[in-house]
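# Structural overview
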Amino acid sequence: MTLLRLISFQYVRKHKLRWLLTLAGIVLGVAVFVGMHTANQSVLRAFHQTIDRIAGATQLQVSAGEAGFPEEALEIVQNSPDVRIAVPVIEASVNPGRGNLLLLGVDMTGDRSLRDYDLENNNDDAIDDPLVFLAQPDSLLVTRIFANAYGLKIGDKLPMSTMAGPRDFVVRGIMQSGGLASAFGGNLAVMDIYAAQKMLGRGRRFDRIDIAVREGVRVEQAQERLRKLLGGGYLVESPGARGQQFESTAQIYSLVSSITSMFALFVGMFLIYNTFEIAVSQRRSEIGILRALGATRRQIRTLFLGESVVAGLVGSLLGIGFGLLLARGIAAYVGAMLSEVYGVAQNVEDVAAEPWLLAAAITVGTLTSVLAALIPARDASRVDPVKALQKGKLQLIGQGENMRRRIGAIALFALAVGCMSMSHIRPLFYLGYLLAVMSAVLFAPTACNWVTRTLRPFLKWLRPVEGALAADSLIESPRRTSGTVTALMLSLALVIALGGIARSSYKSIQDWLVIALNPDLFVTTNETLTSRSFVFPPEIGEGIATIAGVDLVQMVRTVRINVRNTPVMLVCTDIASVARKAHLPPREGNPDTLYNEVAQGKGVIVSDNFALLRKFKLGDVLELPAPDGTLRMPILGIVTDYSDQQGSILMDRKVYIEHWKDTAVNVFRVYLDKPSFEPAVRARIQEMYGGRTRLFVFTNQDLRAYILKLTDQWFGLTYVQIAVAVLVAILGIVNTLTVSISDRKRELGVLQAVGGLRSQIRGTIWMEALAIGFTGLVLGFVVGAIQLYYTLEISRTDVAGLRLDYQYPVNIALVLVPVILGAAWISALGPAESAVRGSLVEALEYE
Amino acid sequence: MIQLQQVSKRFDGKRVVTALDAVDLSIAKGEMVSLVGASGSGKSTMLNLIGGLDTPSSGQITIDGERLSGLADDDLTRVRRDKIGFIFQFFNLLPTLTCIENVALPLHLRGWTRKKAEARSRELLDLVKLGHRMDHQPDELSGGERQRVAIARALSINPPILLGDEPTGNLDSGTGAEILNLIHDVHRTMGSTILIVTHDRGVAESCQRTVRLKDGRIIGDERRSSAA
């Protein structure tokens, strides 16, 4: 402790900038870790809160997937002797103009026993007589938050687009803040359930039934009896169980964020390692003196490890602060993305980390720092007091150490290749991945040296003095440089991998769009194609089919159902017409008979990602929960389909209607006789239905652009990664150059003494930075190629179930070159200025 | 060639240290002068000021007719580059460059072509009898050889003034004598103006003139008719 105070504290005080940069390594890692996990937790918590607040006194909920169920089920539940209250509910997310609003359709006659509406100014008259509320189907209860946002007061009208055309709803009551009114961030409105059915086009169907059981009946007992009563097609669960579905939906994002944050910490570890290696190198004379004065090796090692603990703690605390700030942005992004892709309603109002996460962040940050300092601390303890005063020696990596590293790298790589050949055993596959990364890390200093040596003649040709000195500075100081280059290499490798996945996905999705999504027009109920709150009656499709120039109208119903506890997309349409129009060759299954058999209701077709992720194969029988019981259908074919990340099941519409008793339609896919009819048919559809119902017509081009935009959102992470890579480049290079300038003080002084202009000194520092950036790019591109292979494998087998071709993201690599070299140059500006501003006399006397 | 008028140098710290105190000195073209004095007498400070490595607190320095005071950093560098060659006690060769690259360094900095700089460097390394060591790096040379390379580098731009800061201070006596002879040869053949800071009486006495400093002031200026 005394040594820490006397020696380390003084050193830190003298090298504030360098220590800030070291801390930045930890701050970066911890901030990403805390930011991403806090965002995930906050989104999940927001979803759970919305469920809890809406549930009120509900003890059990009956549902049958997204398609809902016929009204008859309500009667069955209400007649159960275990049930005290059973009220129907429709819940949908709509957008009245300024963001999403959670619309709750309830039956006021029974609902107030479950939910407390707590209206302002004792205006409970509005719903005291449910018959009055019912008699006015345009009635709306809104929250105080929503009323303020829209400037509404009681009696005001709120126009909304409905399936029965544009309608004005009248605010009949304002709910006080808190409780139910704070669900979905306060963006909540309540209307009568029959008005909601009409507004959303749901026919005579409900989304769920909220239940309170009779006194003296155990909830589990009631649950079991209701399950038997309703059959396998219905889910009877506690309100909290709904959260599990969301968690499963958010799982992919959670995995990606875990990988990203772990990666950020790994990169941060190299930044810290680099700084400690440099510190040991720079403080060797101090270490020598301490050793000469009687300090033991252990004391020296403890001194450096102690410093790493302090740095880890301070960095972690700062990282937590930045992470919480970061979480706000990420939570909004994740929430928006999940709402967009899955139509899952939640609204993040409170971004806060849980105590265990903060404790984990401090532990992980400090451990990372200590781990990073282990080797430098060992090196420090081995400093020979006699050699300690010999300048420069510690920057070199000895031949023996170099050889050990190379042999280690080759051995690990050989093992990784061995594991790759047995990649069907997943633990071995992941072990191979880890070994490949470790091999790259061990080989990095050697590769760095090779690249810089190759670069030297070119730099020397470019600028004989500045270029040669820049390259020599890197070649002669592998310890100073290799940590930064390794961090940059790893960071860029991940960018390449993500970019590669994005590129392969783009290409695959584009190919699929051309083959599978070939209708000329798409008629939907929403401007966002993924929202399924509103539905069409089939009659509109029949009407569209009569328009001149229309060849065929496919009615498509898409609903999410639970298969093996995972929400997957059930896509129901006229399969015979799909076979005629889409020409989609199956990956597995008999192409001659497949579509015909599915059209006859003999089975279903599943998407490739569904089969891969859920481990289904051709011929397996799926158990699908339908309102009339569990439907068992064999898999007759497997096709490439990117409609849903969790996978999709393609079923004939007749089979769906028969078992779900649901004739609603989400999308009409319209084929025209000639593409040139498109504007006329589009105009005619708008003319026939535009004023009467809620309807949007998209061209094939619009739809493709929309889907590619969604794909873009998923790969938005690539840009975050590029930002992290740039940060790593800047932090690492500034650190390395700061030390390089300090080490080369005399050399730069001599250069100035013999006639080097300031611009020439700047030039050599800039070239050194560019050389580091270039070396990082070269190594990052090579390791990125390996990382891409592993990422594609993980994506295929464990995350998305997508079979993507290996395509190196040349475009991303080309973008990275100027970005990283630019970042390197910017990093060099400060250090270069400090190099030319110092005293020449001091520089020449420097020892 | 070198003129100092009332030149003072003060270092401001917790207490002000006056390293040079209103010094006047004039060195004619082609003179070879030694600068002696105890440690802290101000001789290195004076050399640094004449070499444009540092700037005086007051007074005027003129080098080959050019006043140094008020010059911007790059202009000061140009004066150094065109008029002054340095020989340091610790050689100050760049360890990663070969002998020929070290000698060519000032030429490249002046923008000479690769070919021309290399030809000139070879010529100079031959002159200092290191033609066989051109592609060696400094750590492969003896101390004397390193100083020869440093002298070749100092001569590369053919400067009218050579400044030596203890050029033999880090060498054994035999090698020191060799280096001193080389400097005298340069003086004779090239007619350079040479100023050497030294502790070594032999080196000092080998020069035509010896200036003695004490506490930042000149306390003696001795001229010899037959030096070395």
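Residues numbered from 1 in each chain as written. Chains lettered and ligands numbered in written order. Predicted model: local features only at pLDDT ≥ 70, side-chain atom pairs only at ≥ 80, totals over all residues. Heavy atoms only, no water.

## Observations concerning the overall build of chain B
If you tally the helices and strands in chain B, you get seven helices and ten strands. A compact globule built from 228 residues should have a C-alpha radius of gyration of about 17 Å, and chain B, at 17 Å, falls within 12% of that. On the principal axes, the C-alpha backbone points of chain B span a range of 50 × 40 × 35 Å. Counting every position in chain B, which comprises 228 residues, the buried fraction comes to 54%. (Helix = DSSP H or I, 4+ residues; strand = E, 2+ residues; numbered from the N terminus. Rg over C-alpha atoms; globule rule 2.2 N^0.38 Å. Buried < 20%, exposed > 50% of the residue type's maximum accessible area, 1.4 Å probe, protein only.)

## Concerning the nonpolar core
Ranked by internal contacts, the top residues of the largest apolar core, which has 143 residues, are L816 of chain A together with L4 and M46 of chain B. A73, L521, F668 and V670 of chain A belong to the second-largest nonpolar core, a separate cluster that totals 63 residues. (Core = buried A, V, L, I, M, F, W, Y, C linked by side-chain atoms within 4.5 Å.)

## So, the interface of chain B and chain A
Residue-level contacts link 23 residues of chain B with 24 residues of chain A. By the criterion of area lost to chain A, the three top residues of chain B are T96, L109 and R114 of chain B, representing 24% of everything that side buries. Across the chain B-chain A interface, the total number found is three salt bridges. Elements with a minimum of two residues in the side of chain B that touches chain A: α2 (73–83) and α3 (99–109) of chain B. Tallied by class, residues from the side of chain B that touches chain A come to nine nonpolar, five polar and nine charged. (Contact = heavy atoms within 4.5 Å. Buried area = accessible area lost by both parts, 1.4 Å probe. Salt bridge = Lys/Arg side-chain N within 4 Å of Asp/Glu carboxyl O. Nonpolar A, V, L, I, M, F, W, Y, C, P; charged D, E, K, R; others polar.)

## What about the packing of aromatic side chains?
All names here are of chain A. Tallied over the full model, the rule gives 14 aromatic pairs over all chains. Between Y433 and Y790, the aromatic rings sit 5.0 Å apart at their centres with planes inclined by 25°, giving stacked as the arrangement. Pair noted here: Y433 is in helix α16 (residues 426–462) and Y790 is in helix α28 (residues 758–799), with a separation of 357 residues, a long-range link. Assigned by exposure class, Y433 and Y790 land together as buried. Look at F610 and F616: their rings are 5.3 Å apart centre to centre, the planes differ by 10°, and that puts the pair in the stacked class. Note on F610: relative accessible area 0%, which makes it buried. Among the aromatic residues, those joined into a ring-pair cluster are F429, Y430, Y433, Y789 and Y790. Positioned above the aromatic ring of F429, the side-chain terminus of R426 is 4.2 Å from the ring centre. (Phe/Tyr/Trp six-rings, centres within 6.5 Å; stacked < 30°, edge-to-face > 60°. Lys NZ or Arg CZ within 6 Å of the ring centre and 35° of its normal.)

## Let's talk about the sheet that holds strand β1 (residues 2–11) of chain B
Residues and elements named next belong to chain B. Taken in spatial order, the four strands make up an open sheet running β2-β1-β4-β5, and their pairing is antiparallel. Each edge of the open sheet is held by one strand with a lone partner, namely β2 (17–27) and β5 (66–67). Sheet topology places β1 next to strand β4 (residues 58–63); five bridges connect them, and they run antiparallel. Its bridge partner being in β4, L4 is matched across the sheet by I61. Across the sheet, helix α1 (residues 43–50) is in contact with β1, β2 and β4; its angle to β1 comes to roughly 120°. (Pairing = 2+ DSSP bridges. Axes fitted to C-alpha atoms, helices over the stretch in contact; angles between N-to-C directions.)

## Observations concerning the confidence of the model for chain A
With 89% of its residues at a pLDDT of 70 or more, chain A has an overall mean of 83. The low-confidence segment residues 391–395 of chain A (pLDDT under 50) makes 17 contacts with residues lying over four places distant or belonging to another chain. (pLDDT = per-residue confidence, 0-100.)

## Here's the deal with helix α17 (residues 464–476) of chain A
In an α-helix, one full turn covers 3.6 residues, which means residues spaced three or four apart are oriented alike. Taking 1.5 Å of rise per residue, the 13 residues of α17 of chain A would be expected to cover 18 Å, and the 18 Å separating its terminal C-alpha atoms lies within 8% of that figure. Taking burial as the measure, the 13 residues of α17 of chain A include eleven buried ones, the bulk of the element. (Expected span 1.5 Å × (residues − 1).)

## Topic: the pairing of strand β3 (residues 32–37) of chain B
Residue and element names in this part refer to chain B. Among the six residues of β3, six are classified as buried, and the element is accordingly described as predominantly covered. Of the two faces of β3, the one carrying M32, S34 and V36 and the one carrying V33, L35 and G37 are both buried. Looking at chain direction, β3 and strand β8 (residues 193–197) are connected through four bridges and run parallel. Bridged to L35 within β8 is V197.

## Re the packing of α16 of chain A against α17 of chain A
Residues and elements named next belong to chain A. Taken N-terminus to C-terminus, the directions of α16 and α17 make an angle of 170°; their axes are 7 Å apart at the nearest point. The pairing of α16 with α17 is recorded here as roughly antiparallel in orientation. For the pair formed by α16 and α17, the contact residues are N449, T452, R453, R456, L459, K460 and L462 on the first element and P464, G467, A468, A471, D472, L474 and I475 on the second. Of the residues assigned to the contact of α16 with α17, the class counts are seven nonpolar, three polar and four charged. (Parallel < 35°, antiparallel > 145°, perpendicular 65-115°, else oblique.)

## As for helix α6 (residues 173–190) of chain B
All names here are of chain B. Over its 18 residues, α6 extends 25 Å from the first C-alpha to the last, a length consistent with the 26 Å expected when each residue adds 1.5 Å. For α6, the full list of buried residues reads T175, G176, I179, L180, L182, I183, H184, V186 and H187. Of the surrounding secondary structure, the elements contacted by the buried residues of α6 are β3, β6 (84–87), α5 (143–155), β7 (161–165), β8 and α7 (201–205).

## Some details on the sheet that holds β7 of chain B
Residues and elements named next belong to chain B. Across the sheet, which stays open at both edges, the six strands sit in the order β6-β7-β8-β3-β9-β10 with mixed pairing between neighbours. Of all strands in the sheet, those bounded by a partner on one side alone are β6 and β10 (217–223). Each adjacent strand pair in this sheet contributes to an overall mean axis angle of 20°, direction not counted. The sheet contact formed by β3 and strand β9 (residues 209–214) spans five bridges and is parallel. In the strand pairing of β9, V33 is matched with R209. Together, β6 and β7 form the strand contacts of α5, whose direction differs from that of β6 by roughly 170°.

## Quick notes on a positive patch on the surface
All names here are of chain A. On the surface, R297, R298, R301, R382 and R404 cluster together to form a positively charged patch. Of the residues forming the positive patch, the biggest block, three residues, is contributed by helix α13 (residues 297–342). With respect to the helices and strands, the residue R297 is situated in helix α13. Residue classification places R297 among the partly exposed positions, given a relative accessible area of 41%. (Patch = residues over 30% accessible without salt bridge, like charges linked within 9 Å, V, L, I, M, F, W, Y side chains within 5 Å. Areas by Shrake-Rupley, 256 points an atom, 1.4 Å probe, with all protein chains shown as cover. Lys, Arg positive; Asp, Glu negative; His and termini not counted. Charge placed at Lys NZ, Arg CZ, Asp CG, Glu CD.)

## Looking at the pattern of salt bridges
All names here are of chain B. The full count for this structure, using the stated rule, is 46 salt bridges over all chains. Between R78 and D75 there is a salt bridge, with the nearest N and O atoms lying 3.5 Å from each other. In this pair, R78 and D75 both sit in helix α2, three residues apart, roughly one turn of the helix. R78 sits in the partly exposed class, given a relative accessible area of 35%. With a closest N to O distance of 2.8 Å, R148 and E178 form a salt bridge. You can see R148 sitting in helix α5 and its partner E178 sitting in helix α6, a full 30 residues away along the chain.

## Considerations on the environment of D379 of chain A
Residue and element names in this part refer to chain A. Positionally, D379 belongs in helix α14 (residues 355–381). By relative accessible area, D379 is classed as buried at 11%. C-alpha of D379 to C-alpha of R297: the two residues are 82 residues apart in sequence and 9.9 Å apart in space. Discounting residues that sit within four places of it in the chain, D379 has contacts with E277, V280 and R479. Reaching out from D379, the side chain makes a polar contact with the side chain of R378 at a distance of 3.0 Å. (Polar contact = N/O pair within 3.5 Å; in protein donor to acceptor, adjacent residues only side chain to side chain.)

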